[in-house]
Amino acid sequence: MTNKKVCMLVTEHPFLDARIFKKEAKSLVKKGYHVTMIVPRRNGYLFDVNSRPFTDKFLQQTFIHEGVIIKTYDISKRTFNPLTDPLFHLGVAEEADIYHAHEFYSLHYGAEIKRFLREKKQKDVKLIYDSHEIDPDPFTTTDDIFQRKYQMLLNMLKEVNHVITVSESIKAWFLTIDPTLSVEVIYNSPPLANNFIIRGKSKQKLTICHEGNVSDKTGSLTKMCKITEICNASMNLNFKIIGGVLHGNSFTVPPNISDKVIMTGWVDYHLIPDAMSDVDLGWIDRDSSKSLNFMYAMPNKFFSYLNNGIPVLVNKSSDMEYFVRTFHCGIVVNKLNATASDYAEALLYANSNRDKLSQMSINARKVMEELFNWDMMEKRLFDVYESLSSTNIKYFI
């Protein structure tokens, strides 16, 4: 057990984020760390993973939820000047032993907090940067903004004791910046689901699933409907959407496929395995030609599918493609920007090769059981923290 104080700094994510709260924070509490999360409110309210505001609970400025201390601030009062920024002041007041930043700008405040405590309080704290993605992304950022943010990153990394990230390619990206950085990959893996079912056995229909946000801006909703239309011309396909549009948005399924597109709405994190009980394939579509993050991504839904023994259907990328091909746990459409027709062709193949699909399902579950479930990732998290705690926190005199 430990009595170390941990302070997680959040500028963008919902406080119940699967990676930040449900896995990392709760695991650290279980290990004996005293964990505080400093998180933003919008219009006075905390918000859920679908951006819906919590108007009937979590209304206190400070409260404890499942063993984690939650301290909140008004996101509209955030500034880039630490002297006037609420996140900075709340972070300094914690005087934690380890600060854990989850975004580019929370890292900015984390570095400022570390410098302040060193110079004003003579306390040498540790700083972790949990890089969920590459920021700045050179494919999606204009040259001038990229150069400005990249120089900021170089400066902030001087204060970082350990980087945590979500894929091997992002780890390699950081090591090209500074080969002396300590970097660990902690995948977005959930706890191992119970009641594993081999997928693909029922030949009456094929069910494909999308978990998470959907948006017309990205074209994902339109593409899902088009895939469903094409496939149902020659097979029985259901497209299940676990999640949906963000709060305040809406989506109407075309009448001709209304019985084929199943919308569950947003499902509690722990009930996702139940929602996936009838799913044969999990779909992830990213245009990797336009984003380095999409090329390197290993999102929550990828491991959520595999965790439930669901083979993954992805388009060409780097890390997801390599994973699927290495462990034979899905189908890769060999295009950076795959069309609905491309995916429909892959689904017709899966429907005609049920034995292969079932073997992919077995492989998917096996790799999560043996290598990549949250118990395994939790050990990596603890190792990072113990490496920072193994040296005594220094107090300057």
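For the structure itself, look to the data block above.
Residues numbered from 1 in each chain as written. Predicted model: local features only at pLDDT ≥ 70, side-chain atom pairs only at ≥ 80, totals over all residues. Heavy atoms only, no water.

### As for the environment of D342
With respect to the helices and strands, the residue D342 is situated in helix α11 (residues 340–352). Residue classification places D342 among the buried positions, given a relative accessible area of 13%. Separated by 27 residues in the primary sequence, D342 and N315 place their C-alpha atoms 9.2 Å from one another. Those residues within four positions of D342 in sequence are excluded, and the remaining contacts are V333 and K335. (Helix = DSSP H or I, 4+ residues; strand = E, 2+ residues; numbered from the N terminus. Buried < 20%, exposed > 50% of the residue type's maximum accessible area, 1.4 Å probe, protein only. Contact = heavy atoms within 4.5 Å.)

### Remarks on the nonpolar core
Counting residues in hydrophobic clusters, the biggest one holds 56 residues, and the most contacted among them are F15, L28, M37, F302, L306, F323 and Y385. When residues in this core are grouped by element, the largest group, seven residues, is from helix α13 (residues 374–389). In this structure, L306 is in contact with V312, F323, C329, A364, R365 and M368, ignoring residues within four places of it in sequence. Ranked by size, the runner-up nonpolar core spans 36 residues in total, among them I38, Y109, L181 and L292. (Core = buried A, V, L, I, M, F, W, Y, C linked by side-chain atoms within 4.5 Å.)

### A word on the pairing of strand β15 (residues 330–333)
Burial along β15 is two-sided: G330 and V332 and I331 and V333, pointing in opposite directions, are all buried. Pairing geometry for strand β14 (residues 312–315) and β15, over four bridges, is parallel. Within β15, the residue paired with V312 across the bridge is G330. (Pairing = 2+ DSSP bridges.)

### Some remarks on the packing of aromatic side chains
Tallied over the entire structure, the rule returns 23 aromatic pairs. Pairing Y33 with Y385 gives two aromatic rings, centres 5.2 Å apart and planes at 65 degrees, and the pair type is edge-to-face. Residue Y33 is found in the loop between α1 (18–31) and β2 (34–41), and its partner Y385 is found in helix α13; the two are separated by 352 residues along the sequence. The residues Y33 and Y385 share a single accessibility class, namely buried. With centroids separated by 5.5 Å and ring planes inclined at 85 degrees, the aromatic side chains of F239 and W283 adopt a geometry described as edge-to-face. With F239 in strand β11 (residues 237–244) and W283 in strand β13 (residues 281–284), this pair connects stretches of sequence that are 44 residues apart. Each member of the pair F239 and W283 is classed as buried. (Phe/Tyr/Trp six-rings, centres within 6.5 Å; stacked < 30°, edge-to-face > 60°.)

### A closer look at helix α6 (residues 220–231)
A rise of 1.5 Å per residue sets the reference length of α6, with its 12 residues, at 16 Å; its end C-alpha atoms lie 16 Å apart and thus fit the reference within 8%. Along α6, the positions that sit buried rather than exposed are S220, L221, K223, M224, C225, I227, T228 and C231. On its buried side, α6 packs onto β10 (206–213), β11, β12 (261–265), β13 and α11. (Expected span 1.5 Å × (residues − 1).)

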